[in-house]
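# Coordinate inspection notes
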Amino acid sequence: MIQFFRRLLSSALALLLLCGNLLVRAAGTDVSAAPLTILFTHDTHDHFDPDAADQGGYVRLASLLKDRRSQAQGPVLTVDAGDFSMGSLFQTIYATDAPELRAMGLMKYDAVTLGNHEFDYRLDGVSQMLTSAVSKGQDVGLPKLVQANYKPPKEAREAWEAWNRYGITEYAVLEREGTDGSRVRAAVFGLMGEDADECAPMSGIRDFEPIVEAAERVVREIQEKETVDYIICLSHSGTDEDGKGEDYELARKVKGIDVIVSGHTHSVTKEPIRVKDTLIVSAGEYARNLGELVIARGEDGALELQRYTLYPVDGSVPDDPEMAALTASFRTQVEQSFLSRYGLGYHQELSKVTGRDFTIPETGDLIGRAYISAIQKAEGEAYVPVDFAVAPAGVIRDSLRTGPVTTSEAFDILSLGFGGDGTPAYPLVSVYLTGADLKNAFEVDASISGIMPAAALYGAGMEWTYNPHRMLLDRVTDCAQVLEGGRTADIQDDRLYRVAADLYSGQMLGAVESKSFGFLSVTPRDEQGEPVTDLESRILHNPDGSELKAWYALAAYLQGQEEVLPGESCKTVIPSLNPIALLRHPGPPTLLVLAGIVLAAALAGVGIRRLLRRKKAGNSVYKRYRGR
């Protein structure tokens, strides 16, 4: 009988353990799991070829991916966190040929998500790209596309048809087996962050679900419905230089995510950022690095980091023959369908740079001069002088490098966007700003660019000086219009000045007020001073009616010079802690703070006087009491 009860107790315990294991698996993750190697990229931006600095390129990345997979013994996943398009001439066939997804298919990516620049050609462009990928990518296969919180409006029937035709889902469960026989099941889902959404003003997406809410919903669904070992998030939200940012907050607030591959901010994490039980990783932009993360789950269920490496994609990596052949076919298509209308070849030399590479600011100031030159030629005798041609850092994707400057390199520098005429690349627009608004724009450069580098301004026609130690939003100490011959003139607050920029930069002017906490605003206006609400109505055209493209303005300017040299900088930075320099010509922010200090001092003085009176009164009472 005792033996019977012992066996019964043992059977019951075994049954309980089995049920416990089943409950754990039903919850979504096994207690222990075999190691998983995650190969990852993000923000590759159409870099099929190495850039002007001889870094990156799909032709090399393909070789490195094959090598790292061959070295791994356990299961391997290859993923990308978005912005795989918009950054080179290959984007000009984005909608018609889907070169990026087809290249990723050839490189055997398992899953990718969409970034904000996938929407540069608007929702129609994304839909056309997805359709092209399905019709032309069957020979190489296509990666799984996952996107949980950034979806077309319900009434966008054609977009949803393309979405469903490709098979985009909120998450995908991928099972992989290693050469050592181990198997892993991983759930992968995709997100678009708030800042990325703001950087896609023409996306056509209205129902933006915050990433924390979306992640909580998707993770809960995965845990309830799937049996997986790991949950991986491909987030196009970003990580700041200090390791914080939207993805940091995502990891802090949402339980159950093992790994976040963080795109959008072009960050590079030299080591994974651990936030509670989540690892955040980034490999940088333009396919310059391939990230490799090896994770495992211990017997206690805790996520273990086994190895983390960033592999440079440089000249030490050979070209992959298959990818080189696919790239060559796409290059021919680019020349035939796009460059032929400009009479240019992909590798055609336009000019040369000697001595040293340009910095981004020097490149930006040269772009401003190129814009003015292009507008003069386009308008001819009807030319109205451009007072300020501006190029924000956010649209300058590279700088001029020493040596020959080719068509492809010129395009890479100003590669973003889509025109109102439905053709690739942003056109130039012309608006008018008051002098007061111009000063606000300079203040954005001086104050906001420190926390938002894309807001830094470069260009030609204006100059300004600022002290970075002054009060935020009150740092500009001097500004002037630059006239012919280098003469300058004071900027008049109520005068209208003609300003030229690319379409995207014009569309982002409305963000100035929110980014400056309501202190600054920049309102684009027409010739009569009336506010402009439709920036596309301000697009500039060539005599033949075609849009005047920003990239071609640069290319034509370079083509007209045998050698390119840096010009004078549009801005001067003078750091000073001298009290006079800090308080000279105070603006509203400084005056507000000074008023606050004065008020605080006054209140403190009143409080001190009251305390002294109470103390004096108390002493009088005490003396009278003692006198009794």
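Residues numbered from 1 in each chain as written. Predicted model: local features only at pLDDT ≥ 70, side-chain atom pairs only at ≥ 80, totals over all residues. Heavy atoms only, no water.

### Describing the overall build of the chain
Looking only at helices and strands, the chain has 18 helices and 22 strands in total. Residue burial in the chain is summarised as follows: out of 628 residues, 53% are buried. Contacts spanning at least 24 positions in sequence make up 77% of the contacts within the chain whose residues lie at least 6 apart. Of the roughly 28400 Å² of accessible surface on the chain, a fraction of 53% belongs to carbon and sulfur atoms. In the chain, which carries 63 positive and 87 negative side-chain charges, the distance between the mean positions of the two groups comes to 12 Å. (Helix = DSSP H or I, 4+ residues; strand = E, 2+ residues; numbered from the N terminus. Buried < 20%, exposed > 50% of the residue type's maximum accessible area, 1.4 Å probe, protein only. Contact = heavy atoms within 4.5 Å. Areas by Shrake-Rupley, 256 points an atom, 1.4 Å probe, with all protein chains shown as cover. Lys, Arg positive; Asp, Glu negative; His and termini not counted. Charge placed at Lys NZ, Arg CZ, Asp CG, Glu CD.)

### What about empty space enclosed by the protein?
Applying the stated criterion across every chain, the model contains three cavities of 30 Å³ or more. Within the lining of the largest cavity, the residues separate by chemical class into seven nonpolar, two polar and one charged. (1 Å grid on protein atoms, 1.4 Å probe; cavity = no way out; pocket = protein on both sides within 12 Å on 5 of 7 lines; lining within 4 Å. Points joined across faces, edges and corners; volume = space filled by probe spheres on them. Nonpolar A, V, L, I, M, F, W, Y, C, P; charged D, E, K, R; others polar.)

### Some thoughts on the pairing of strand 2 (residues 76-80)
Among the five residues in strand 2, five count as buried, and that is most of the element. Along strand 2, one buried face is formed by Val76, Thr78 and Asp80 and the opposite face, lined by Leu77 and Val79, is buried too. Sheet analysis places strand 1 (residues 33-41) next to strand 2, joined by five bridges and oriented parallel. Note on strand 2: the bridge partner recorded for Thr41 is Asp80. In this view, the connection linking strand 1 to its parallel neighbour strand 2 by way of helix 2 (residues 58-71) has right-handed handedness. Summarising the sheet, strand 2 and strand 3 (residues 111-112) pair through two bridges and their orientation is parallel. Its bridge partner lying in strand 3, Asp80 is registered against Val112. (Pairing = 2+ DSSP bridges. Right-handed = clockwise from strand over helix to strand, strands pointing away.)

### Examining the confidence of the model for the chain
Put simply, the chain has an average pLDDT of 90, and 91% of its residues get 70 or more. For residues 1-30, every residue scores under 50 in pLDDT, and the model assigns this stretch 21 contacts once sequence neighbours within four places are set aside. (pLDDT = per-residue confidence, 0-100.)

### Some details on the packing of helix 8 (residues 211-225) against helix 9 (residues 246-253)
Interaxial distance between helix 8 and helix 9 falls to 10 Å at its minimum, and their mutual angle equals 40°. Considering the angle they form, helix 8 stands oblique to helix 9. In the packing of helix 8 onto helix 9, the handedness of the crossing is right-handed. Contacts between helix 8 and helix 9 involve Ile211, Val212, Ala215 and Glu216 on the former and, on the latter, Glu246, Leu250 and Lys253. (Axes fitted to C-alpha atoms, helices over the stretch in contact; angles between N-to-C directions. Parallel < 35°, antiparallel > 145°, perpendicular 65-115°, else oblique. Left-handed = near helix turned anticlockwise from the far one by under 90°.)

### A word on the side chain of Thr327
Turning to its location among the elements, Thr327 is positioned in helix 10 (residues 321-337). Residue Thr327 is classed as buried on the basis of its relative accessible area, which comes to 1%. Of the polar contacts made by the side chain of Thr327, one reaches the backbone oxygen of Met323; its length is 2.8 Å. (Polar contact = N/O pair within 3.5 Å; in protein donor to acceptor, adjacent residues only side chain to side chain.)

### Quick word on the sheet that holds strand 11 (residues 289-297)
Judged by pairing direction, the sheet is mixed, and its six strands sit side by side in the order 4-3-2-1-11-12 without closing on themselves. The open sheet has two free edges, formed respectively by strand 4 (144-145) and strand 12 (303-312), since each of these has just one partner strand. As paired elements, strand 11 and strand 12 share nine bridges and run antiparallel to each other. Looking at strand 12, one finds that Gly291 is bridged to Leu310.

### What to know about helix 9
Taken together, the buried positions of helix 9 are Asp247, Leu250 and Ala251. The buried residues of helix 9 occupy an angular sector of 95° when projected down its axis, which confines them to one face. Elements in contact with the buried residues of helix 9: strand 6 (183-192), helix 8, strand 7 (230-236), strand 8 (259-262), strand 9 (273-275) and strand 10 (278-281). (Arc of directions from axis to C-beta.)

### Describing the packing of aromatic side chains
In this structure the tally under the stated criterion is 21 aromatic pairs. Note on Tyr94 and Tyr121: the rings are 5.2 Å apart at their centroids and 85° apart in plane angle, and the pair reads as edge-to-face. Here Tyr94 is found in helix 3 (residues 94-97), whereas its partner Tyr121 is found in the loop between strand 3 and helix 5 (122-136), with 27 residues between them in sequence. Judged by relative accessible area, which is 0%, Tyr94 ranks as buried. Residue Tyr121 is classed as buried on the basis of its relative accessible area, which comes to 2%. Through a chain of ring-to-ring contacts, the aromatic side chains of Phe48, Tyr58, Phe90, Phe330 and Tyr346 assemble into a single cluster. The ring of Tyr248 is capped by Lys244, whose NZ or CZ atom sits 5.0 Å from the centre of that ring. Its guanidinium or amino end placed over the ring of Tyr346, Arg331 lies 5.3 Å from that ring's centre, counting from NZ or CZ. (Phe/Tyr/Trp six-rings, centres within 6.5 Å; stacked < 30°, edge-to-face > 60°. Lys NZ or Arg CZ within 6 Å of the ring centre and 35° of its normal.)

### Overview of the layout of surface pockets
For the second largest pocket, the calculated volume is near 430 Å³. If you trace the second largest pocket, you find 20 residues lining it, with Lys439, Asn440, Glu443, Asp474 and Val476 closest to the centre. Breaking the lining of the second largest pocket down by element, the ones donating at least two residues are helix 13 (435-448), strand 19 (476-482) and helix 18 (588-627). Of the residues forming the lining of the second largest pocket, the biggest block, five residues, is contributed by helix 13.

### Quick notes on the sheet that holds strand 18 (residues 462-466)
Where strands meet in a sheet, backbone hydrogen bonds hold them as pairs that are either parallel or antiparallel. Read from one edge to the other, the open sheet built from four strands follows the order 20-19-18-22, with strand pairing classed as mixed. The open sheet has two free edges, formed respectively by strand 20 (488-489) and strand 22 (571-573), since each of these has just one partner strand. Two strands pair when backbone bridges link them, and strand 19 and strand 20 are joined in this way by two bridges, in the antiparallel orientation. Directly across from Val482, in strand 20, lies its bridge partner Thr488.

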